[in-house]
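Coordinate inspection notes
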Amino acid sequence: MKFLIVGASGFVGRNLLAFYREQGFEAIGTQAHAREQGLVNFDLLRDRIGNSIDKTFFHGTEPVQAVIAAVVSDMDLCLTNRSLAHAVNVENTIQLINDLAERNARVTFLSTCFVFDGKKGYYNETNSCFPANEYGRHKLEVETYLRRRLPSAFIPRMDKIVGDNPHDRQLLAHWHQRIRDHQPIVCLEGSLLSPTFVLDVARGILLASQMKLSGVYHVSNSEFFYRDELARQFCYALGVSPNVITKPLAEFRFADKRALNSYLDGSRFAKDTSLRFTSMREVFNRFIHRLPGASPN
C-alpha cells in the first residue's frame, strides 16, 4: 500500500510519515505552507488535492491510504474564529474526503476525545457524544458525515499524544524545556488523560489499514494519569525533583471549554488488532536515551 499524510508538518502527521517511510512504504506528506523540505504544498483552505498530488500516485495496484491529520487544532481559535476553523475542519475536510473517495483512496480521519464532554471519562465507542467544545463539534460533524456517506472510513479517536523526541513540539519536550529553564511545570487541576505514544498511533493505523477496519475506534493507551502525576513521574524518570504545580481550569482563562476527564477506553482496538501499547515508563526511557549526551545503552 501507499500512504498520503495530509498535514505532515504537524507533530502527529510528521511522525506518521516518517514511520511509514521507515517501514518501506511509498508515502507523501503535505503541508499548508512551505516550511519543510520533502513535503507537498497543500492548503486545505484553498487547494484541491487533485491539483497538488500527481494523479499517477492514485493509480496502480497498490491501494492508497489517506490519513487526514490537517486541522485547526487551537481549541480557542475554533471558538473565536468559527468561520475560518469550520471552513478548514469541516467544510473543506469533507470536500477533501470526497475528492479522495473519487480517487479510490481509503480514508483515515483522525478524531478526538473532545467529542465527549469530559464529565464521565473512560469513554468507549458506544458512549453518546456531547462535545466539550467547538473543536470537538467540528470533529463530530465530520465523523457523522463519514458514517453516513463513507462507512469504509477508519476513524481513530485519540487523547493526548506524546513522543520520545526532545526536539519535537509535544508535551514531554515542553516539560523537559521547563525543567531545563528551572521553571515549574504547570498542569490543569483534575485533568485525567490517557497519554498515547505517537508511534503506537502510526502502528495502529497501519494495522487498521491492513485489516481494513472501519468506523470509530478508540486508539488509546490503557494507562491513564492525572496530568500533574504524569509530570511528576516524568521528572522522577529524569532523576530530578518534581517542580509541578496545578491550577484550576478558571485560572487558565481559556476562551472555550476543556474536557477534564478525557481518557478513553482503547480495549476494543487493542483486542481487535493485538496491538500492545507502549507504557509511559517505556516512552520516558526512550525520551531520555534521545537526549544529547545520553548513553546509547
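Scroll up to find the structure.
The following paragraphs examine the structure supplied in this document. (Residues numbered from 1 in each chain as written. Predicted model: local features only at pLDDT ≥ 70, side-chain atom pairs only at ≥ 80, totals over all residues. Heavy atoms only, no water.)

**Here we look at the state of the cysteines**
The test is simple: Disulfide: a pair of cysteine sulfur atoms within 2.5 Å of each other. Using a 1.4 Å probe on the protein chains alone, a residue whose accessible area is under 20% of its type maximum counts as buried, one over 50% counts as exposed, and one in between counts as partly exposed.
According to the stated counting rule, one finds 0 disulfides in the structure shown. Unpaired in this structure, cysteine 78 has its nearest cysteine sulfur neighbour in cysteine 113, at a distance of 14 Å. No disulfide involves cysteine 235; its nearest neighbouring cysteine sulfur is the one of cysteine 187, lying 9.0 Å away. Residue classification places cysteine 235 among the buried residues on the basis of a relative accessible area of 2%.

**Things to note about the pairing of strand β2 (residues 26-31)**
Put simply, the rule is: Each pair of strands is called paired provided DSSP finds at least two bridges between the two strands. Note on conventions: DSSP H or I runs of at least 4 residues are helices, E runs of at least 2 residues are strands, and numbering of each starts at the N terminus. Crossover handedness is defined here as right-handed if the route from the first strand over the helix to the second strand goes clockwise, with the strands pointing away from the viewer.
In terms of strand pairing, strand β1 (residues 2-6) meets β2 through 4 bridges, oriented parallel. Residue pairing for β2: leucine 4 is matched across the bridge by isoleucine 28. The handedness of the β1 to β2 crossover, carried by helix α1 (residues 11-22), is right-handed. In the sheet, β2 pairs with strand β3 (residues 40-41) via 2 bridges, with the strands oriented parallel. By the bridge assignment for β3, glutamine 31 is matched with asparagine 41.

**Examining the pairing of strand β4 (residues 64-68)**
Most of β4 is tucked away: 5 of the 5 residues are buried. When β1 meets β4, the two strands line up parallel, connected through 5 bridges. Of the residues in β4, the one forming a bridge with isoleucine 5 is valine 67. Sheet analysis places β4 next to strand β5 (residues 106-109), joined by 4 bridges and oriented parallel. When the sheet's bridge partners are listed, glutamine 65 is paired in β5 with arginine 106.

**Remarks on the nonpolar core**
Formally: Buried Ala, Val, Leu, Ile, Met, Phe, Trp, Tyr and Cys residues that are joined via side-chain atoms within 4.5 Å together make up what is termed a nonpolar core. In what follows, residue pairs with any heavy atoms lying within 4.5 Å of each other are defined as contacts.
Counting residues in each nonpolar core, the largest one holds 50 residues, and the members touching the most others are Leu16, Tyr20, Trp175 and Phe269. In terms of residue count, helix α7 (residues 198-211) provides more of this core than any other element does, 7 residues in total. With sequence-adjacent residues up to four places away left out, tyrosine 20 is seen in contact with Phe3, Ile5, Phe25, Ala27, Ala202, Ile205 and Leu206. Core analysis: the next-biggest nonpolar cluster, separate from the first, contains 42 residues, Ile94, Leu100, Phe114 and Leu264 among them.

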